[in-house]
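Residue-level listing of the chains:
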Amino acid sequence: MPLPPALLARLQKRGIVKQEEEVIAENYEKEPEKKSFEENSAGAPGCPNKWNQYHVCLEFCYDHWGDGTPEYRLPERYVQNKNRMLAKFPLPENWVEVYDEGLAKYYFWNKTTDEVCWYSPRHPRAIISDPAPRIAREHATVLFGDSHASEEDNAARRRNFHNKKTSRGGNDDKQSRGNNAEKRKRRDPMTSQGPDSDEDELQEMTNKDRLKRAKRKGIDPMDPAAYGDAPVGKWSDGLRVDQVTGADVTAGGPLFQQRPYPAPGAILRKQKPQDEEDDQ
Amino acid sequence: MSYMLPHLENGWQVDQAILAEEDRVVVVRFGHDWDPTCMQMDETLFKIAPKVKNFAVVYLVDITKVPDFNKMYELYDPCTAMFFFRNKHIMVDLGTGNNNKINWAVTDGQELIDIIETVYRGARKGRGLVISPKDYSTKYKY
């Protein structure tokens, strides 16, 4: 006797029902890293925005919407209309009826092509399309620059193959396994914003960083130059060699006064290279 | 009386004049002939030149025509006298704090003769700095 889908989803979320999870694990033993990409295929069970092709269920969706509306609380009139539509337009082969807790409505899912529709596929107003959560993930990949897009495609193909084995409970498995993927994906936007924040820090250095830089350069922390970005140098920096005074800079003070001047010949020989440089 | 003393026209001549003298002190006056301070100094130099010719020779250099030494010797005064012996600059402790040169006009001939004689005796013994017989500091001025 299979359990109701809502109850099965709740039990799997609590970890009580583990049989199907083990089966899932066996299938993915060869490539365990790619398991997480499949877990967000359906989104949060109770989220009513799953139909939005730009909406990716985050952890907030799981916490806020919970398990959604149980199937036994559907209005009787809605159930009668659905049954009448199915009687008039029976489901084709490979199509199954799936209940959505978020919107409290039934939809119809093709297990082979993974296409979905709100009406019976044979209904004249039926619009068959890809599942909205998948399209939303593709949009998120473009926006956030996910580098595992190709691996996701492989995971999607494997999911289709896996869904052939399961019967009606396939959708519940997808819904229950979406929680971990959402947690991982929720960090992607934060990590992608990391470089931006780093750039901001580089543009404006804090006073602490400037003090560290001054310490590296050997500048006194009490010197205002420690916080400035102007280049540091001596008084003579920027002067041409020719303009430097001829004073003897090798000694200062009384020792300087005690030092004799060089001979005139030495001065002439010292000036000769400068003249040649000037000529060039 | 500067026209009665020999003039050096370029740096090479200054170098050669100092190199040529091996037994005498070379007194070089840097300045201009038209400067009043140099006029007084040249008058004194001309007066003592014959008396010290045995141990000193005097040359005049125009710091405008020969600008090679202005920067190194700090020739920024109107009149500057320096002493060389065997291609070596001799310092004199005159009491002014500047031991490298005389940058005022010495009007007393005997004082200048005494200074040159002291430079000659000390330089011949190998000294680079000699003490002037007279103290030219300002402690007698005020």
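One can find the structure itself at the top, above this paragraph.
The following paragraphs examine the structure supplied in this document. (Residues numbered from 1 in each chain as written. Chains lettered and ligands numbered in written order. Predicted model: local features only at pLDDT ≥ 70, side-chain atom pairs only at ≥ 80, totals over all residues. Heavy atoms only, no water.)

**A few points about the packing of aromatic side chains**
Where two aromatic rings form a pair, the distance of their centres and the angle of their planes describe that pair.
Part 1 of the argument: Enumeration according to the criterion identifies 11 aromatic pairs over all chains in this entry.
Part 2 of the argument: Centroid distance Y107(A) to W118(A): 5.9 Å. Interplanar angle 70°. Geometry classified as edge-to-face. Here Y107(A), found in strand 2 (residues 105-110), pairs with W118(A), found in the loop between strand 3 (116-117) and helix 6 (132-144); they are 11 residues apart in sequence, far enough to count as distant.
Part 3 of the argument: Classification of Y107(A) as buried rests on a relative accessible area of 14%.
Part 4 of the argument: The interplanar angle of 80° and the centroid separation of 6.3 Å between the aromatic rings of F85(B) and Y120(B) together place this pair among those described as edge-to-face. With F85(B) in the loop between strand 4 (79-84) and strand 5 (89-93) and Y120(B) in helix 3 (residues 109-124), the pair connects residues that are 35 residues apart, well separated along the chain. Take F85(B) and Y120(B): they sit in the same class, and that class is buried.
Part 5 of the argument: What links up through ring pairs into an aromatic cluster is the set Y261(A), F30(B), F69(B), Y73(B) and F84(B). (Phe/Tyr/Trp six-rings, centres within 6.5 Å; stacked < 30°, edge-to-face > 60°. Helix = DSSP H or I, 4+ residues; strand = E, 2+ residues; numbered from the N terminus. Buried < 20%, exposed > 50% of the residue type's maximum accessible area, 1.4 Å probe, protein only.)

**Let's talk about the pairing of strand 5 of chain B**
All names here are of chain B.
Part 1 of the argument: Of all 5 residues that make up strand 5, 4 are buried, and the element is covered over most of its length.
Part 2 of the argument: Note that strand 4 and strand 5 share 2 bridges and pair antiparallel. Paired with F84 across the strands is H89, a residue of strand 5.
Part 3 of the argument: As for the winding sense of the linkage, the β-α-β connection from strand 5 through helix 3 to strand 6 (residues 129-131) is left-handed. (Pairing = 2+ DSSP bridges. Right-handed = clockwise from strand over helix to strand, strands pointing away.)

**Quick look at a nonpolar patch on the surface**
Residue and element names in this part refer to chain A.
Part 1 of the argument: Together, L58, F60 and W65 make up a nonpolar patch on the protein surface, roughly 300 Å² of accessible area in all.
Part 2 of the argument: Tracing the sequence through the fold places L58 in the loop between helix 3 (35-38) and helix 4 (59-65).
Part 3 of the argument: Note on L58: relative accessible area 36%, which makes it partly exposed. (Patch = residues over 30% accessible without salt bridge, like charges linked within 9 Å, V, L, I, M, F, W, Y side chains within 5 Å. Areas by Shrake-Rupley, 256 points an atom, 1.4 Å probe, with all protein chains shown as cover. Salt bridge = Lys/Arg side-chain N within 4 Å of Asp/Glu carboxyl O.)

Such coordinate-based values are descriptive only and should not be taken to indicate function.
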